[in-house]
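Structure at a glance
Each chain is listed here by its residues.
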Amino acid sequence: ALTEAPKRLVVVGAGYIGLELGIAFRKLGTAVTIVEIADRILPRYDEALTRPVRRWLTRNGVRLHLGATVTGRDGDGRLAIETASGPVALEADGLEAFYLDYREPDSIARLADEVLERTGGRLDALFNNGGYSQTGAVEDISVDALRAQFEANFFGWHDLTKRIVPVMRSQG
């Protein structure tokens, strides 16, 4: 649990959840940087509707790296990203990100084990918010695509929940 807001935070993803997290921490005084692979924030939404959000981010000093991809960590442990103008290393405090792909049961197990090891086996909350959606008309989406989505969004979510909830229950 955080006892105070971090000085710096990097959020990967400028969808509505990433922006909500970034904005909340910015309002707490944290210097926030948001990295998005698309060339704009809220890429699934009409651009005209996202302009007020973009203005708020700019006015409030949130740094944006759009059209950027995360490549890992550099030699100093900073988050390494690739932008159109070249590589950038970003620093953040207080929060760590771990690899998780709901389509990969091994990554779910590694994540749960690593987080529980780093927290001494204690966890107070699970923000189990991964997954993805399909765009387009339902008749245009293949059954295989929907099965893959269901596998990740339901069974992957379920796998992580099954690993974490018993730990939380044992804490009382």
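The rules we used
- Numbers given to residues run from 1 along each chain, matching the order in which its sequence is written.
- Only residues with pLDDT of at least 70 get local features here, since the model is predicted, and only at 80 or more are side-chain atom pairs given and counted; chain-wide, interface and lining totals rely on the full set of residues.
- The side-chain figures draw on all heavy atoms in the structure; neither hydrogens nor water molecules are used.
- Each reported salt bridge corresponds to a side-chain nitrogen of Lys or Arg within 4 Å of a carboxyl oxygen of Asp or Glu.
- Numbering of helices and strands runs from the N terminus, with a helix taken as a DSSP run of H or I at least four residues long and a strand as a DSSP run of E at least two residues long.
- Each residue is assigned to one of three classes by its accessible area relative to the maximum for its type, calculated with a 1.4 Å probe on protein chains only: buried under 20%, partly exposed between the two thresholds, exposed over 50%.
- What a helix is expected to span follows from its residue count: subtract one and scale by 1.5 Å.
- This arc corresponds to the set of directions leading from the helix axis out to the C-beta atoms.
- By the convention used here, residues are in contact when the closest approach between their heavy atoms is within 4.5 Å.

1. Concerning the pattern of salt bridges
Applying the stated criterion to the full structure yields seven salt bridges. Across the salt bridge formed by Arg 8 and Glu 91, the nearest N and O atoms sit 3.5 Å from each other. Placement of the pair is Arg 8 in strand β1 (residues 8-12) and Glu 91 in the loop between β6 (86-90) and α3 (105-118), with a sequence separation of 83 residues. Using a relative accessible area of 31% as the deciding quantity, one classes Arg 8 as partly exposed. Notably, a salt bridge pairs Glu 114 with Arg 118, separated by 3.0 Å at the nearest N-O pair. Here Glu 114 and its partner Arg 118 are both found in helix α3, four residues apart, which amounts to about one turn of the helix. Judged by relative accessible area, which is 32%, Glu 114 ranks as partly exposed. Relative accessible area serves as the criterion here: at 48%, Arg 118 is assigned to the partly exposed category.

2. Points about helix α1 (residues 16-27)
Here α1 contains 12 residues, and its C-alpha end-to-end distance of 16 Å stays within 8% of the 16 Å for a straight helix at 1.5 Å per residue. Taken together, the buried positions of α1 are Gly 18, Leu 19, Gly 22, Ile 23 and Phe 25. Buried residues of α1, seen end-on, are gathered within an arc of 165 degrees and therefore sit on one face of the element. Across from the buried face of α1, at angles greater than 90 degrees, the exposed residues are Tyr 16, Glu 20 and Lys 27. Contacts from the buried residues of α1 go to β1, β2 (31-36) and α2 (47-59). Positive backbone phi, at 100 degrees, marks Gly 29, one or two positions downstream of α1.

By themselves, these observations are geometric and do not establish any function.
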